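A closer look at the structure
Listed here are the chains, written in short residue letters.
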Amino acid sequence: MRQHSAEAAQDFSSVDRTVLVAALVAELAKVLPAAGLLHVKEDLKPYECDGLSAYRELPLAVLLPETEAQVVAVMKICRAAGVPIVPRGAGTGLSAGALPHCDGVVLSLAKMKRILHIDPVARVAVVQPGVRNLSVSEAAAPFGLYYAPDPSSQIACTIGGNVAENSGGVHCLKYGLTVHNVLRVRAVTMAGDIVEFGNHALDAPGYDLLALAIGSEGLLAITTEVTVKLVPRPELAQVIMASFDDVTKAGEAVAAVIGAGIIPAGLEMMDKPAIAAVEPFVKAGYDLNAAAILLCESDGTAEEVAEEIARMKAVLEASGATGLRVSQSEAERLRFWAGRKAAFPAAGRVSADYYCMDGTIPRRRLGEMLTAITAMEKKYGLRCMNVFHAGDGNLHPLILYDANVPGELQRTEAFGAEILKLSVDLGGTITGEHGVGFEKINSMCDQFGADELRAFHAVKRAFDPEGLLNPEKAIPTLHRCAEFGRMHVHGGQIKFPDLERF
């Protein structure tokens, strides 16, 4: 760790690590309550990874501020000392975005969990970053409102983490991702400055920095307050469970539904291995004989739902569905969705470990991707369950492996990297909603060229010149891409005349 400020309260650069940590802790103890500063190894272990447990690291300390003022103070101390900061929400992320830095601290926003204000007339809620996603909808329910983005981890994941990763969910096809449902983000930069992106109006003057901040994975600023949109609860919602005897037909049916001008509230796909894992776990009523199922939801007034359900049934039948079942009660509808949302824990019941990928491809190529994944299973000697946000082509293949078997994690990583490379080749991207984090940083070399990566780093430097916020995540250097022999430029390789580090 290096000195960055002449005004630093303590010079940490000339002492050994033990003394350094003690000095850092002493400085942080001046601005944080005792319960908000963890530095004993036993207390740090729960923070060594996020939801992607394949990668682990212990930080120097874990900080749990309770107020924005404490966040500001922490940022100034760490910047003065040159100490990296890794922000963390609930730790449900799946790209190792909250993987600690061995010479840095983890800044957890978990204790900033107050819902500050709900305005049912303006249909907005102002919340702190540690508020759970589902808590917003629960608080807004008495007003007939809710917060639309609903990641599968919504019972645990936080709004701050949703902002960092631009999270989606099973209803993002109709209602949008986090970026479409947030009006304003208040944050603290590495310099300790308080900034605001967006406002309560539909638009803000100047550059759209709100969209830049959302999905920035903690590389630009630390979120301390968020204003989210609330939407009215629909009068009625129903789900069609459509069975198919072939995954390609199911993929083509997804494109056919959208092509017919229908935008379902949700359109999800699960293949046979995923169905087989989920059904004994949740008892959702899924068709165990199907090669794939689609869950297609319609919401609105009773008349709107009846018309849309009829239209979707016609399209699905014409696309080769072998069976159609429409939810007949709210309890049955929730059961259908509970199965889809429980796919990840269900994978944990059938495999020692699993590795959840997150790519996005054009809808019409879903069947092609599933066929390719089947071939990859044989190539790498591993099983894969597939659950997709099919309506927007967002893939979540779950590669099943056992980390205790030598070589399986390495084969799993190679399997995942090949899926992401194919996503790019099919006209898609390496991530849809989980972010890049540490997991996909090498795959960024497949997606972007040298000029684009330089532009990304220029944005990073504008907010964080010293590179202390969540370093070594999301954006690879040109050196890294060269080291891995990968740089995507219109499907070809390029040379690196100047491999400057930035």
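Residue positions within a chain follow its written sequence, with the count starting from 1. Only residues with pLDDT of 70 or above have their local features reported here, since the model is predicted, and side-chain atom pairs are shown and tallied only from 80 upward, although totals for entire chains, interfaces and linings are computed over all residues. Excluding hydrogens and water, the side-chain values take into account all heavy atoms of the structure.

1. Structural notes on the packing of aromatic side chains
Keep this limit in mind: When two rings of Phe, Tyr or Trp (its six-membered ring) have centres within 6.5 Å they constitute a pair, described as stacked for plane angles under 30 degrees, edge-to-face for angles over 60, and tilted for the intermediate range. Categorising residues by exposure relies on relative accessible area from a 1.4 Å probe, with only protein chains included: less than 20% of the type maximum marks a residue as buried, more than 50% marks it as exposed, and the intermediate range marks it as partly exposed.
Per the stated rule, a full pass over the model turns up 6 aromatic pairs. Consider the rings of phenylalanine 448 and phenylalanine 456, whose centres lie 5.0 Å apart with planes at 85°: the pair is edge-to-face. When its relative accessible area of 29% is taken as the criterion, phenylalanine 456 is described as partly exposed.

2. Considering the nonpolar core
Threshold: Throughout this description, the term nonpolar core refers to a set of buried Ala, Val, Leu, Ile, Met, Phe, Trp, Tyr and Cys residues connected via side-chain atoms within 4.5 Å. Only DSSP runs of H or I covering at least 4 residues are called helices, and only runs of E covering at least 2 are called strands; the numbering of each starts at the N terminus.
Membership of the largest hydrophobic core comes to 83 residues, with the highest contact counts inside it found for Val136, Val185, Val228, Leu230, Leu294, Leu316 and Phe415. With 7 residues, helix α13 (residues 366-380) is the single largest residue contributor to this core. Counting 28 residues, the second largest nonpolar core, distinct from the first, contains Leu32, Leu63, Val74 and Leu469.

3. What to know about a nonpolar patch on the surface
Applied cut-off: Any residue with relative accessible area above 30% and no salt bridge may belong to a patch, with like charges joined within 9 Å and the nonpolar Val, Leu, Ile, Met, Phe, Trp and Tyr side chains within 5 Å. Accessibility throughout is a Shrake-Rupley quantity obtained with a 1.4 Å probe, and a residue counts as covered only by protein chains that appear here. For this analysis, a salt bridge means a side-chain nitrogen from Lys or Arg found within 4 Å of a carboxyl oxygen belonging to Asp or Glu.
A cluster of nonpolar side chains, namely Tyr207, Leu209, Leu212 and Val459, defines an oily patch on the protein surface of about 390 Å² accessible area. Within the element layout of this structure, leucine 209 appears in helix α7 (residues 209-213).

4. Details of the sheet that holds strand β3 (residues 85-88)
Selection rule: One requirement defines pairing of two strands: DSSP has to find at least two bridges between them. We call two residues in contact when some of their heavy atoms are within 4.5 Å. The axes used here are C-alpha line fits, helices contributing only the stretch in contact, and every angle between their N-to-C directions lies in the interval 0 to 180 degrees.
Taking strand neighbours across the sheet as the criterion, the 4 strands line up as β1-β2-β4-β3 in an open arrangement whose pairing is mixed. Strands at the two margins of the open sheet, each flanked by one partner only, are β1 (37-38) and β3. Strand contacts of helix α3 (residues 68-81): β2 (61-63), β3 and β4 (105-108), with the helix running at about 165° to β4, the strand carrying the most contacts.

5. Here we look at the packing of helix α1 (residues 17-29) against α3
Selection criterion: Oblique is the label for every angle not falling under 35 degrees (roughly parallel), over 145 degrees (roughly antiparallel), or within 65 to 115 degrees (roughly perpendicular). Handedness of a helix crossing follows the sense of rotation of the near helix relative to the far helix, less than a right angle counterclockwise being left-handed and clockwise being right-handed. In the scheme used here, Gly and all other residues not listed as nonpolar or charged are polar, with Ala, Val, Leu, Ile, Met, Phe, Trp, Tyr, Cys and Pro taken as nonpolar and Asp, Glu, Lys and Arg as charged.
At a minimum axis separation of 10 Å, α1 and α3 run at an interaxial angle of 155°. With respect to α3, the axis of α1 lies roughly antiparallel. Between α1 and α3 the crossing geometry is right-handed. The segment α1 lies against α3, with Leu24, Glu27 and Leu28 engaging Val74, Ile77 and Cys78. Classifying every residue of the contact of α1 with α3 gives 5 nonpolar, no polar and 1 charged.

6. A short note on the side chain of serine 95
Examined against the element boundaries, serine 95 turns out to sit in the loop between β3 and β4. On the basis of relative accessible area, serine 95 is assigned to the buried category, the value being 1%. Once residues lying within four places of it in the same chain are set aside, the contact partners of serine 95 are Asp50, Leu52, Glu165, His434, Gly435, Val436, Gly437, Phe438, Glu439 and Lys440.

7. Let's talk about the state of the cysteines
Stated formally: Pairs of cysteine sulfur atoms within 2.5 Å are what we label disulfides.
Scanning all chains against the criterion turns up 1 disulfide. Disulfide partner of cysteine 445: cysteine 481, at an S-S distance of 2.1 Å. Residues cysteine 445 and cysteine 481 are joined by a disulfide whose S-S torsion is about -80°; by sign, that bridge is left-handed. Taken together, the residues span a long stretch of sequence, with cysteine 445 in helix α15 (residues 444-447) and cysteine 481 in helix α17 (residues 478-483) at a distance of 36 residues. You can call cysteine 445 buried: its relative accessible area is 0%. Take cysteine 78: it sits in no disulfide, and the sulfur closest to it among the cysteines is that of cysteine 102, at 15 Å. Note on cysteine 78: relative accessible area 0%, which makes it buried. Take cysteine 172: it sits in no disulfide, and the sulfur closest to it among the cysteines is that of cysteine 157, at 13 Å. In this structure cysteine 172 comes out as buried when scored by relative accessible area, which is 8%.

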